[in-house]
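Given next are the chains, with one letter for each unit.
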Amino acid sequence: MLLEHRPSGVLVEVLTLEELYNPCRCEIIGRLQAGEEMQDPETFLKSELIFPSGETLPCCWFDAHYREKIALKKTIAMGV
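Quick look at the structure, then. (Residues numbered from 1 in each chain as written. Predicted model: local features only at pLDDT ≥ 70, side-chain atom pairs only at ≥ 80, totals over all residues. Heavy atoms only, no water.)

## Description of the environment of isoleucine 29
Inclusion rule: Numbering of helices and strands runs from the N terminus; a helix is a DSSP stretch of H or I covering at least four residues, while a strand is a stretch of E covering at least two. The cut-offs for exposure are 20% and 50% of the maximum accessible area for each residue type, with area from a 1.4 Å probe on protein chains only; residues under the lower value are buried, those over the upper are exposed, and the others partly exposed.
Along the chain, isoleucine 29 turns up in strand S3 (residues 27-32). Looking at isoleucine 29, the relative accessible area reads 28%, which means it is partly exposed. The spacing of isoleucine 29 and glutamate 42 is 13 residues in sequence and 5.6 Å in space, taken between C-alpha atoms.

Structure, rendered in structure tokens:
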């Protein structure tokens, strides 16, 4: 999978997909897609990655408790 590294604008090949969608991990291992030579693997913060289309990554990839927060907001909105 390719994602864009927001600070540099360069594409990153994600080498550890499990870490990408694991909300308990804040970093992934990837390779910059710059130049003709294959780059060495590096660590990237998930918070600095976006889809090449410009969309942010899903919140469920960052926050293990995102569903609880949604349920709490609904409860508060309903006045329960």
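## Quick word on the packing of aromatic side chains
Two aromatic rings are characterised by how far apart their centres lie and by the angle between their planes. Note the threshold: Stacked, edge-to-face and tilted labels apply to pairs of Phe, Tyr and Trp rings (six-membered ring for Trp) whose centres lie within 6.5 Å, assigned for plane angles under 30 degrees, over 60, and everything in between, in that order. Two thresholds decide whether a charge sits over a ring: the Lys NZ or Arg CZ must be within 6 Å of the ring centre and within 35 degrees of the ring normal.
Scanning the model with the defined rule gives one aromatic pair in all. Sitting over the face of the ring of phenylalanine 62, lysine 46 holds its NZ or CZ atom 5.8 Å from the ring centroid.

## A look at the environment of alanine 64
Its place among the elements puts alanine 64 in the loop between strand S5 (49-50) and helix H2 (66-78). The class for alanine 64 is partly exposed, based on a relative accessible area of 42%. Spatially, the C-alpha atom of alanine 64 lies 9.6 Å from that of arginine 25, the residues being 39 residues apart in sequence.

## With respect to the pairing of S3
Every other side chain in a regular strand lies on the same face of the sheet, so the side chains alternate between the two faces. For clarity, the threshold we go by: At least two bridges found by DSSP between two strands is the condition for calling them paired.
Relative to S3, strand S2 (residues 10-14) is paired through three bridges, and the arrangement is antiparallel. Bridge assignment links valine 14 to a residue of S3, and that residue is glycine 30. The pairing of S3 with strand S4 (residues 42-45) spans four bridges and is classified as antiparallel. Residue glutamate 27 lies in a different strand from S4, and its bridge partner there is leucine 45.

Everything listed here is a matter of coordinates, which is why it stays silent on function.
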